[in-house]
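Okay, here's what each chain looks like letter by letter:
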Amino acid sequence: MAAIADNAAAPLLRIRDLRKSFGSHEVLKGISLEVRAGEVVSIIGASGSGKSTFLRCINVMEMPNEGFFDFEDFAFDFRAGARNQPTPAQLRALRARIGMVFQSYNLWPHMTVLENVIEAPMRVKRLARAEAVAIAESLLERIGLADKRGAYPSRLSGGQQQRVAIARALAMKPRLMLFDEVTSALDPELVGEVLALMASLAQEGMTMLLVTHEIGFAREVSTRTVFFDQGRIAEDGLPRDVLYRPQSERLQQFLRRVLHEHVATSAAREAHP
Amino acid sequence: MTFSEWLDFFLPYVPGFLHASWLVLVITLLVIVVSWVAGLVVALGKASQIGVIRQASAFYIWFVRGTPALIQIFIVYFGLPQLGLGLSPFVAGVLALGINGGAYVAEIIRSGLSAIPRGQVESSLALGMSRSETLRRIVLPQVVRIILPAITNEAISTLKNTSLLSTITVVELTLYAQTIIATTFRPFEFYAATAVLYLIMTTLLSQIAAMLERHNARYL
Ligand SMILES: Nc1ncnc2c1ncn2[C@@H]1O[C@H](COP(=O)(O)OP(=O)(O)OP(=O)(O)O)[C@@H](O)[C@H]1O
Ligand SMILES: [Mg+2]
């Protein structure tokens, strides 16, 4: 069999015809997306277009109603009654290999920075404490927060908390990272440190899907940009094409609005440095 | 009465009072266990997917909080034998107070659980942790800290409520004092001594809770 050749050519993540409804409200109306190892895909789109729901379907925090899903050795068919619907054990194993970072950092306030980072490797991967600590220490070193290892999250700035949240996800050594508007809750002056960390991850070849309103960042860091419109992928291409030569009227409108807001916040940033 | 005469008079009753106080602590502990079991079941019941279970839990809380504890004790001790379930005063008392406390504990647990931001659970599940690991490692340690003050208050009122069991012949501290007073005719001294013993026990409880709270507050 040509399994090896197939594997080399196969995408890391392949999603076909993914659908998700909440009650009678269909939020994802048939999404298909393939992501190869090392790709950095930025996802843009208006509020309510289903970006977060889509990310949450990838690590199956939301159970899709329909769709086919392949990621490494996981192959799911989400249709009701399908034979290979994910089992709880598979979901845990899948999530252990897909990192997710949220807008609201969601660190655990009763644990120190170090404890936050070693928790999942110890519980989920059953690493010995010493091993988990070694991984955590090198990650904290990398994000420049080695001296905060014993601090509780409430003592950190938003930007520091978000970097710890990224380190916490990385400690599981994921094959894919999902970022959902991870800088949206940050004070403008703290956005840069988080984006810089994400850019360095992208440079190292981490496969990433990121929902963002930072058009400039998407342009610089991502290898591909996808535009979500009312539960569908309306445009998909190189960032410079999608962002600077939008085809559809709706994307043009969207970009005008976002860039306008961006200019406004940049102006505010300069006014109050 | 000189002081030494006074001492000679009271000294013989000291072991009895200490024993009755000990019984108060034992009953309190048992009631706390029962009320926690009931409270957990009812708190889960209120969050259940099944309508009947949710309604039954709501009814339980409504009934218990809307009726006097004394009536609940009478129903269990005097009422249940009529239905063929005769219980000793001690067991009936523990059961009745446990059922009573359960309603309050359920509400306390519910408010504690709702205080944990959903995002913290999500980030745990997203890392591959199971629901039970998430509950054990992320949710419960925080819930315990949040509800500790309310739980202390509940334990203290449980301890004070044990005196209601004097009405169904459980010889705890209150009934013991009454029997002594019935033969000595010295209500002031003996009720005062009884009050002091209750005070010592409730103060001890709040001291322990304050200690735990300080230990828990270090991450704020
Ligand atoms: N758990 C849920 N229950 C019901 N409706 C939901 C749920 N989650 C999302 N929705 C709805 O699905 C739609 C898409 O939401 P989603 O959060 O995916 O949008 P988004 O593109 O991420 O928007 P934003 O840019 O505001 O974050 C919205 O109309 C939202 O109200
Ligand atoms: Mg969103």
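Since the model is a prediction, treat every value here as computed from it, not as a measurement. Along each chain, residue indices are assigned from 1 in the same order as the chain's sequence is written. Chains and ligands are labelled by the order in which they are written, letters from A for the one and numbers from 1 for the other. pLDDT decides what is reported in this predicted model: residues at 70 or higher carry local features, side-chain atom pairs at 80 or more are listed and counted, and totals for whole chains, interfaces and linings draw on all residues regardless. As a rule here, side-chain values come from all non-hydrogen atoms in the structure, and water together with hydrogens is ignored.

All right, on to the site of ligand 1 then. Residues and elements named next belong to chain A. Any residue with at least one heavy atom within 4 Å of a molecule or strand is counted as near it. The environment of ligand 1 is made up of Phe22, His25, Val27, Ala46, Ser47, Gly48, Ser49, Gly50, Lys51, Ser52, Thr53 and Glu181. Polar contacts here mean pairs of N or O atoms no more than 3.5 Å apart (in protein, one a potential hydrogen donor and the other a potential acceptor; neighbouring residues in sequence count only if both atoms are side-chain atoms). Within the contact set of ligand 1, an oxygen atom lies 3.0 Å away from a backbone nitrogen or oxygen of Gly50. Separating an oxygen atom of ligand 1 from a side-chain N or O atom of Thr53 is a distance of 2.5 Å. Calculation on ligand 1 without its partners gives an accessible area of 630 Å², and the protein chains cover 59% of this total. Numbering of helices and strands runs from the N terminus, with a helix taken as a DSSP run of H or I at least four residues long and a strand as a DSSP run of E at least two residues long. Elements supplying a minimum of two residues to the shell around ligand 1: strand S2 (25-35) and helix H2 (51-58). Only Asp, Glu, Lys and Arg are considered charged, only Ala, Val, Leu, Ile, Met, Phe, Trp, Tyr, Cys and Pro nonpolar, and every remaining residue, Gly among them, polar. Its residues assigned to classes, the shell around ligand 1 shows 3 nonpolar, 7 polar and 2 charged. For the area figures, the Shrake-Rupley method with a 1.4 Å probe applies, and any residue is considered shielded solely by the protein chains shown.

This part takes up the packing of aromatic side chains. All names here are of chain B. Whether two aromatic rings pair depends on their centres lying within 6.5 Å, for rings of Phe, Tyr and Trp, where Trp uses its six-membered ring; planes under 30 degrees apart make the pair stacked, over 60 edge-to-face, and the rest tilted. Applying the stated criterion across every chain yields a total of 19 aromatic pairs over all chains. The interplanar angle of 55° and the centroid separation of 6.4 Å between the aromatic rings of Phe9 and Phe190 together place this pair among those described as tilted. Taken together, the residues Phe9 in helix H1 (residues 3-10) and Phe190 in helix H9 (residues 187-216) connect sequence positions 181 residues apart. Working definition: with a 1.4 Å probe on protein chains only, accessible area under 20% of the residue-type maximum means buried, over 50% means exposed, and in between means partly exposed. Its relative accessible area of 1% is what places Phe190 among the buried residues. Linked through ring pairs, Phe3, Trp6, Phe9, Phe10, Tyr13, Phe17, Tyr176 and Phe190 together constitute an aromatic cluster.

Here the focus is the sheet that holds strand S8 (residues 207-211) of chain A. Residue and element names in this part refer to chain A. Two strands pair under a simple rule: DSSP has to find at least two bridges between them. Taking strand neighbours across the sheet as the criterion, the 6 strands line up as S6-S7-S8-S3-S9-S10 in an open arrangement whose pairing is mixed. Here the strands that pair on one side only, and so sit at the sheet edges, are strand S6 (98-101) and strand S10 (232-237). Taking the axes of each pair of neighbouring strands and ignoring which way they run, one obtains an average angle of 20° across the sheet. Bridge count between strand S7 (residues 176-180) and S8: 5 bridges; the pairing is parallel. Each residue of the ladder has a partner; that of Phe179, found in S8, is Leu210. Residue contacts are defined here by distance: any two heavy atoms, one from each residue, within 4.5 Å place the two residues in contact. Each axis is a line fitted through C-alpha atoms, and for a helix only the stretch in contact is used; angles between axes span 0 to 180 degrees, taken between their N-to-C directions. Of the strands in this sheet, S6 and S7 are in contact with helix H3 (residues 88-97), which crosses S6 at around 70°.

This part covers a nonpolar patch on the surface. All names here are of chain B. Together, Met1, Phe3, Trp6, Leu7, Leu11, Val14 and Leu18 make up an exposed nonpolar region whose accessible area comes to about 710 Å². The set of elements that each furnish at least two residues to the nonpolar patch consists of H1 and helix H2 (14-46). Examining the composition of the nonpolar patch, we find that 3 residues originate from one element, H1, more than from any other. One can find Phe3 in helix H1. Note on patches: the residues involved have over 30% relative accessible area and no salt bridge, like charges join within 9 Å, and the nonpolar side chains Val, Leu, Ile, Met, Phe, Trp and Tyr join within 5 Å. When a carboxyl oxygen of Asp or Glu is within 4 Å of a side-chain nitrogen of Lys or Arg, the pair counts as a salt bridge.

Attention now goes to the sheet that holds S2(A). Residues and elements named next belong to chain A. With antiparallel pairing, the 4 strands of this open sheet are ordered in space as S2-S1-S4-S5. A single partner strand is all that each edge strand has here, and the edge strands are S2 and strand S5 (74-77). Within the sheet, the average angular offset between the axes of one strand and its neighbour, ignoring direction, is 15°. In this sheet, strand S4 (residues 66-71) lies alongside strand S1 (residues 13-22) in antiparallel orientation, the contact comprising 5 bridges. The partner of Arg19 across the bridge, within S4, is Glu66. Its contacts with the sheet place H2 against S1, S2 and S4, and it is angled at close to 120° to S1.

This paragraph deals with helix H8 (residues 173-184) of chain B. Residues and elements named next belong to chain B. One less than the residue count of a helix, multiplied by 1.5 Å, gives the span that helix is expected to have. For H8, spanning 12 residues, the distance from its first C-alpha to its last is 16 Å, which sits close to the expected 16 Å at 1.5 Å a residue. Those residues of H8 that sit buried are Leu173, Thr174, Leu175, Tyr176, Ala177, Ile180, Ile181 and Thr184. Looking at the buried side of H8, the elements it contacts are H1, H2 and H9. You can read the cap of H8 off the contacts: a side-chain oxygen lies 3.0 Å from the backbone nitrogen of Thr174, and it is on Glu172. Residue Phe185 follows H8 closely and has a positive phi angle near 55°.

As a further point, take unusual backbone geometry. All names here are of chain A. In this model, Val60 sits at a positive phi of 55°, which is unusual for a non-glycine residue. Topologically, Val60 is positioned in the loop between H2 and S4. Look at Val60 and you get buried, because its relative accessible area is 3%. Unusually for a residue other than glycine, Asn106 sits at a positive phi of about 60°. Among the secondary structure elements, Asn106 is positioned in the loop between S6 and helix H4 (113-123). Asn106 sits in the buried class, given a relative accessible area of 12%.

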